[in-house]
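# Fold and geometry: a report
Each chain, written out:
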Amino acid sequence: MRRRTPALAEVALAWLLHNPVVTAALGDPRTAEKFRENLKALELKLSAETLAKLDEVCPGPGGETPQAYAW
């Protein structure tokens, strides 16, 4: 059986939920389908390698945000 590719919002929410300093991860799903998609983040297990890469790309407060994300 092939593994499904998680949606970007699902990965983002799962990443936030892995961070012990995050008390709540708020989303704004516009449809019931998007809401159900976001709920899947609760079950998504990100590997240590994936978490490290996400932390590298977007280090959060105290670190510089990459230029690709600057508006």
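Just so you know, these numbers come straight off a predicted model, no measurement behind them.

## Points about the overall build of the protein chain
Counting secondary structure elements, the protein chain contains three helices and zero strands. Reading the helices (α) and strands (β) of the protein chain from amino to carboxyl end gives α-α-α. The 71 residues of the protein chain split such that 14% are buried. The long-range share in the protein chain, meaning contacts at least 24 apart out of those at least 6 apart in sequence, stands at 71%. When the accessible surface of the protein chain is totalled, it reaches about 6,300 Å², and 58% of it is carbon and sulfur.

## Observations concerning helix α1 (residues 8-18)
Of the positions making up α1, those classed as buried are Glu10, Val11, Leu13 and Ala14. Buried residues of α1, viewed axially, fall in a sector of 165 degrees; they line one side. The inward-facing, buried residues of α1 abut α2 (32-39) and α3 (48-57).

## So, the pattern of salt bridges
A complete count under the given rule lists three salt bridges for this structure. Taking the shortest distance from any N to any O, the salt bridge between arginine 30 and aspartate 28 comes out at 3.0 Å. Note that lysine 34 is salt-bridged to glutamate 37, the shortest N-O span being 3.7 Å. Here lysine 34 and its partner glutamate 37 are both found in helix α2, three residues apart, which amounts to about one turn of the helix. For glutamate 37, a relative accessible area of 17% corresponds to the buried category.

## A look at the nonpolar core
Val11, Leu13, Ala14, Ala41, Leu44, Leu46 and Leu51 together form the largest nonpolar core, which totals seven residues. Examining the composition of this core, we find that three residues originate from one element, α1, more than from any other. In contact with leucine 51, other than residues within four places in its own chain, are Trp15, His18 and Leu46.

## Topic: the environment of leucine 16
Within the fold, leucine 16 resides in helix α1. By relative accessible area, which is 34% here, leucine 16 ends up partly exposed. Separated by 25 residues in the primary sequence, leucine 16 and alanine 41 have C-alpha atoms spaced 9.7 Å apart. Setting aside chain neighbours within four positions, we find leucine 16 in contact with Val22 and Ala25.

Quick notes on the rules
- Residues numbered from 1 in each chain as written.
- Predicted model: local features only at pLDDT ≥ 70, side-chain atom pairs only at ≥ 80, totals over all residues.
- Heavy atoms only, no water.
- Helix = DSSP H or I, 4+ residues; strand = E, 2+ residues; numbered from the N terminus.
- Buried < 20%, exposed > 50% of the residue type's maximum accessible area, 1.4 Å probe, protein only.
- Contact = heavy atoms within 4.5 Å.
- Areas by Shrake-Rupley, 256 points an atom, 1.4 Å probe, with all protein chains shown as cover.
- Arc of directions from axis to C-beta.
- Salt bridge = Lys/Arg side-chain N within 4 Å of Asp/Glu carboxyl O.
- Core = buried A, V, L, I, M, F, W, Y, C linked by side-chain atoms within 4.5 Å.

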